[in-house]
Amino acid sequence: MLTTVCINTQQARKRTLFLQKIADRLNELLDQLNTAQQQAVVSSEGPVMVIAGAGSGKTRVLTYRIAYLLNKGTDPFNILALTFTNKAAREMKERIIQLVGSNDARNVWMGTFHSVFAKILRIEGHLLEYPHNFTIYDTDDSKNLIKNIVKEMQLDPKLYAPGMIFSRISAAKSNLISVDDYLGNSEIMESDRIANRPMTGEIYRFYKARCFKASAMDFDDLLYNTNLLLRDFPETLLKYQKKFSYILVDEYQDTNHAQYLIVKKLAARNENICVVGDDAQSIYSFRGANIQNILNFRNDYPDLQTFKLEQNYRSTKTIVSAANSIISRNKDQIYKQVWTSNDEGALIQVLRAATDAEEGALVANSVFQAKMNEQLPNSAFAILYRTNAQSRALEEAFRKLNIPYRIYGGLSFYKRKEIKDLLAYFRLVVNPADDEAFYRIINYPARGIGNTTVDKLTLAASENGISVFEAAIQANIAVPALAKSTVQKIIEFTEMIRAFHTQLAKMSAYELGRKIATSSGLLKELAADQSEEGLSRMQNSEELLNALKDFSELEQTLFPADNEETTDNTVSRTLDLFMQEISLLTDADSEDEDENNKVTMMTIHAAKGLEFPHVYIVGLEENLFPSIMSLQSRADIEEERRLFYVALTRAEKKVTLSYAESRYRWGNLSMNEPSRFLDEINSSFIEQTTRRIRSGPDNNTVMQKAPVFIKKNLKKINDSSPAPENRSETPVELIQPGIEVEHERFGKGKVLSVEGSGPNIKATVFFQAVGQKQLLLKYARLRIVN
DNA sequence: GTGTGATATCTTTTT
DNA sequence: GATATCACAC
C-alpha cells in the first residue's frame with residue numbers, strides 16, 4: 001500500500017522539465033525572503049527549530065521549505081507536514097499548489113495530527129485489533145458513554161460529571177497514561193480520592209473497554225493508539241520512519257506529550273525534522289498542550305539549528321509595540337524582539353458600552369463608518385471574542401445595520417441535531433458495533449422501542465460481551481423478558497440496518513445515504529415539522545445529502561495518498577469512505593466561495609493563524625477576558641495574556657477594543673470591571689477619547705424588542721397574557737425580604753427570605769396563587785411590584 | 001411507551 | 001436562553 005510509486009520514463013522526463021521550472025521560480029521566490037527566512041527554508045537536513053513571531057511569515061517559510069524539498073527531488077510521498085487545524089492544512093496545501101503545481105503538492109502527507117494518524121490507524125489498526133472502519137467518537141459521544149457508565153456503576157452523576165471525568169481521561173491519554181498506569185499511580189489515585197472521585201480510574205477502565213468493543217476511538221485515542229502502534233511494532237515504526245524522511249510540524253508550541261513523542265519517534269531515524277512555533281502564541285494548554293515541548297526542544301537534538309523570525313510583515317508599528325508591551329509581562333518565554341518596518345498606523349481605539357447590546361451596536365457602527373470612510377469590503381473586518389456565547393449580541397447589531405457577517409465555530413454544521421442523527425444512521429450502517437450511534441437512533445424516529453427495552457438490550461449486551469446491535473439481533477433469545485411485539489420492532493430495525501450494510505460496497509455514498517434517510521423515516525419525520533426550525537433542519541439534512549452527492553461524484557480524494565497504488569476512479573466512492581473523511585471535520589470546514597464578502601466573527605482561538613486589516617476585540621472585561629476560570633494561577637493568567645497577544649496580532653491596520661459595563665451572562669445581568677489587559681497596554685498606543693461614542697442617531701433602536709424573532713414555543717391560544725411590555729429586569733440585589741414581587745408564571749407574591757450568595761442566591765417567596773416557593777434568583781426573573 | 005411541562009445545570013477555549 | 005432530566009398524565 002505504501003510502497004514507492006513507480007514512475008515510467010516518460011513521466012520522469014516530464015517531471016525533470018517541470019522541476020526546472022520550479023527551480024527558476026524558487027530562486028525568484030527565495031529572493032523575496034529575508035535572511036532568517038531563507039536560512040530556515042534551505043536548511044533542509046537535520047533538526048531545525050523556527051521560532052516565528054506573530055506575522056513574521058511562518059506559513060511562508062513552511063510552504064517554501066516544502067517547495068524547496070520538492071525542488072531538490074524529494075518525493076512528495078516522503079514529506080509529512082502536520083498542522084492543528086484542517087484550515088491550516090488546506091491553506092498550506094493551496095499555497096504549495098501555487099508554488100509547485102497540484103500534482104506534487106497533493107501527494108504530500110499534509111493534514112492535522114488527528115487526520116494523519118487516523119489514516120495510519122486505518123491502515124495499521126489491525127495490529128491493535130481495530131478494524132479499518134473504526135468509528136471516531138466525538139466529544140458528545142464520549143461524554144454520553146461516560147454518563148452511561150457512571151449510571152451503570154451506580155455512582156453519583158453529580159459528583160462524577162461526564163465532562164469532568166472526560167477531561168480527566170483525556171488528560172491521561174494525552175500524557176500516554178494507560179488504564180493500568182492510572183490505577184497504579186498513587187499520586188493520581190490520591191488526587192482523585194481528595195476530589196472525592198476515587199472511582200475515576202475504574203470509569204477510565206470501562207470507558208476504554210467499551211470504546212474498544214464498539215470499534216471506536218475518541219480524539220485522544222487517535223494519538224494514544226498511534227503511539228502504541230509505533231512503540232510495540234518496530235517494523236511498523238521503521239516503515240513510517242523510512243516513509244517520512246522529512247517531517248514538518250506547524251504550531252509546535254501547541255503539541256501535547258503524545259504528539260511530541262510520536263513526532264520524536266517518527267523523526268528518530270533521519271532527524272530531518274523542522275518544527276515551527278511561537279511560545280508567545282501557546283493557547284491550548286487546557287487541552288494538554290505542553291509549552292515545554294518547544295522550550296526544551298534543544299535537549300532532544302543537540303545539533304539543532306534554531307532560526308528566529310522577528311520581523312513582522314503584518315501589522316503597523318503601533319500594533320506590534322502594543323502587543324509586545326502586553327507579552328513582555330509574561331515570565332515563561334523564549335526571548336525575541338518582534339519588530340516591523342511598517343508604518344506607525346492608527347492608534348488603538350477603545351469603545352466603552354453600558355451593556356452588551358450597546359457594545360454590539362457600537363462595534364457594528366464603527367465597522368459601518370470605517371467601511372464608508374475607507375471604502376473597505378466587509379471581509380476586511382473581524383470581530384474576535386473570548387467565548388462563543390458573545391456572538392449573539394453582535395449578530396443582532398450587525399443584522400440591524402444590514403452588514404453581512406459570517407460566524408465561524410459555535411454550533412457548527414456537524415454538531416446540529418438533525419445532522420448528528422443522520423450521521424448516526426450512517427455510522428451504524430458502516431460500523432454496527434458503534435453503540436453510541438445505536439442509542440442515538442434506535443428510537444428516532446419513534447418506533448416504539450423505549451428506555452426500558454434499551455436498558456434490557458444494554459444489559460444483555462454487557463452480559464454477553466457483545467455490542468448492543470448484536471444483542472438486538474438476538475433479542476428473542478438473548479433478552480427473554482421482552483414482549484413479542486417489542487422483539488418484532490427490534491428485529492425490523494436491525495434488519496433495516498443490515499440491509500443497508502450489505503449495500504455499502506454496491507451503492508455510491510449518495511445513493512445509499514439518500515436511501516437511508518428516506519427508508520428510516522428520518523426525512524418524513526423532518527418534513528412533518530413545518531415550523532421555521534423544522535424547515536431549516538430539513539434544509540440542513542438536504543445539504544448533507546448534497547455533500548454526499550458531491551463526494552460520490554468527486555474523482556479524486558483530497559488525500560489521494562490513501563490510494564497510492566490504486567488509481568482506480570471508476571468505483572464510485574462509498575459511504576464508509578465518506579464517513580472516514582468527515583469524522584474529523586469539525587468547524588464549518590466548508591468554504592462557500594460566494595460568501596466571501598462578510599465580516600468575520602469568531603473566537604480568538606479560532607482566529608489563530610489568520611489576519612485581517614481591522615480587528616475588533618470585544619468583551620474586554622474581568623472574569624470574561626481574562627476568563628473567570630483562569631484567575632487562579634499565574635500560568636493560567638499568562639495563557640489568557642498570550643491569547644490577548646494572539647488577538648492583537650491578527651490585525652494589519654487597526655485594532656479596536658471594547659467592553660461593556662454590564663452584560664447578560666447565562667440569563668442574568670452581571671457587572672464587570674474593564675479587563676486588566678486594557679491597563680497593560682502602554683497608554684501611548686491608545687487613542688485618548690473621553691467622548692462617549694453614541695450608537696447612532698436612533699439610539700433607542702437597541703432597546704426596542706425586535707419583532708423579527710418568532711418565539712420558538714408558541715404559546716397556546718388560550719394563554720391570552722398580554723405581550724410583555726418592556727419588562728425591566730430587576731437587579732438581584734434589590735430582592736429583599738418583605739418586598740412584593742411578580743413572577744411570570746406564579747403571579748404576585750411576597751419575599752419571605754433570601755439566602756445564598758453569588759450566582760446561587762435563593763429567595764423564598766409566598767405567592768398568592770401557588771403558595772410558598774423557593775426560587776433561584778438568577779433564573780426567576782422576578783419583577784418588583786411597587 | 002410516549003408526550004408534556006417543570007426543573008436543573010450550564011459556558012471557556014478545540015481536534 | 002438552551003438543553004438535559006425528571007415527574008406525571010395519557
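Provided above is the structure to which this section pertains.
Residues numbered from 1 in each chain as written. Chains lettered and ligands numbered in written order. Predicted model: local features only at pLDDT ≥ 70, side-chain atom pairs only at ≥ 80, totals over all residues. Heavy atoms only, no water.

(A) Focus on the sheet that holds strand S3 (residues 109–112). The six strands are arranged S3-S2-S6-S7-S1-S8 in an open sheet whose pairing can be described as parallel. Of all strands in the sheet, those with a lone pairing partner are S3 and strand S8 (305–309), marking the two edges. This sheet shows a mean twist of 15° between the axes of neighbouring strands, independent of strand direction. Lying on the sheet, helix H6 (residues 113–124) is in contact with strand S2 (79–83), S3 and strand S6 (246–249); it crosses S3 at an angle near 120°. Helix H14 (residues 257–267) rests against S2, S6 and strand S7 (273–277) of the sheet, and its axis sits at about 160° to S6. (Pairing = 2+ DSSP bridges. Helix = DSSP H or I, 4+ residues; strand = E, 2+ residues; numbered from the N terminus. Axes fitted to C-alpha atoms, helices over the stretch in contact; angles between N-to-C directions. Contact = heavy atoms within 4.5 Å.)

(B) The arrangement of the pattern of salt bridges in detail. Taken as a whole and judged by the stated rule, the model has 34 salt bridges. A salt bridge links Lys420 to Asp140; its shortest N-O distance comes to 2.9 Å. Placement of Lys420 in helix H20 (residues 417–430) and of Asp140 in helix H7 (residues 139–152) is noted, with a sequence separation of 280 residues between them. A relative accessible area of 40% places Asp140 in the partly exposed class. Salt-bridge contacts for Asp434 lead to Arg427; the nearest nitrogen and oxygen are separated by 2.8 Å. Like Asp434, the residue Arg427 is buried in the burial classification. Three or more residues joined by partner-sharing salt bridges are found here, namely Lys58, Asp250, Glu251, Asp254 and Lys608. (Salt bridge = Lys/Arg side-chain N within 4 Å of Asp/Glu carboxyl O. Buried < 20%, exposed > 50% of the residue type's maximum accessible area, 1.4 Å probe, protein only.)

(C) Looking closely at unusual backbone geometry. Cis geometry is found at the peptide bond from Tyr444 to Pro445, where omega equals -5°. The topology assignment puts Pro445 in the loop between helix H21 (435–441) and helix H22 (451–464). In this structure, Pro626 follows Phe625 across a cis peptide bond, with omega equal to 10°. Along the polypeptide, Pro626 turns up in the loop between strand S13 (612–617) and helix H31 (634–648). For Asn196, which is not a glycine, the phi torsion comes out positive at approximately 65°. A positive phi is found at Glu251, a non-glycine position, where the angle reads about 50°. Looking at the secondary structure, you find Glu251 in the loop between S6 and H14.

(D) Quick look at the side chain of Glu124. Along the polypeptide, Glu124 turns up in helix H6. Here Glu124 falls in the buried class, since its relative accessible area comes to 5%. There is a polar contact of 2.7 Å between the side chain of Glu124 and the side chain of Tyr240. (Polar contact = N/O pair within 3.5 Å; in protein donor to acceptor, adjacent residues only side chain to side chain.)

(E) Representation of the packing of helix H8 (residues 162–174) against helix H12 (residues 219–232) in the model. Interhelical geometry of H8 versus H12 gives an angle of 25° and a closest axis separation of 9 Å. Classed by the angle they form, the pair H8 and H12 counts as roughly parallel. For H8 against H12, the interelement crossing comes out left-handed. Here H8 contributes Phe166, Ser170, Lys173 and Ser174 to the contact with H12, which in turn contributes Asp220, Asp221 and Tyr224. Among the residues forming the contact of H8 with H12, the class breakdown is two nonpolar, two polar and three charged. (Parallel < 35°, antiparallel > 145°, perpendicular 65-115°, else oblique. Left-handed = near helix turned anticlockwise from the far one by under 90°. Nonpolar A, V, L, I, M, F, W, Y, C, P; charged D, E, K, R; others polar.)

(F) Up close: the packing of aromatic side chains. In this structure the tally under the stated criterion is 18 aromatic pairs. Taking the centre distance of 6.2 Å and the plane angle of 75° together, the rings of Tyr130 and Phe134 count as edge-to-face. For Tyr130, a relative accessible area of 7% gives the class buried. Assessed through its relative accessible area of 2%, Phe134 is described here as buried. Arranged with centres 6.4 Å apart and planes meeting at 35°, the rings of Phe381 and Tyr616 form a pair that is tilted. In this pair, Phe381 is assigned in strand S10 (residues 381–385) and Tyr616 in strand S13, connecting sequence segments 235 residues apart. (Phe/Tyr/Trp six-rings, centres within 6.5 Å; stacked < 30°, edge-to-face > 60°.)

(G) View of a nonpolar patch on the surface. Taken together, the side chains of Phe368, Met372 and Leu401 present a nonpolar region at the surface, about 240 Å² in accessible area. Residue placement: Met372 occurs in helix H18 (residues 356–374). Note on Met372: relative accessible area 45%, which makes it partly exposed. (Patch = residues over 30% accessible without salt bridge, like charges linked within 9 Å, V, L, I, M, F, W, Y side chains within 5 Å. Areas by Shrake-Rupley, 256 points an atom, 1.4 Å probe, with all protein chains shown as cover.)

(H) Structural detail: the packing of H20 against helix H26 (residues 509–519). It is at 10 Å that the axes of H20 and H26 come closest, and there the two elements cross at 115°. Taken as a pair, H20 and H26 cross one another with a handedness that is right-handed. Side by side, H20 and H26 meet where Leu422, Tyr425, Phe426 and Val429 of the first sit next to Gly513, Ile516 and Ala517 of the second.

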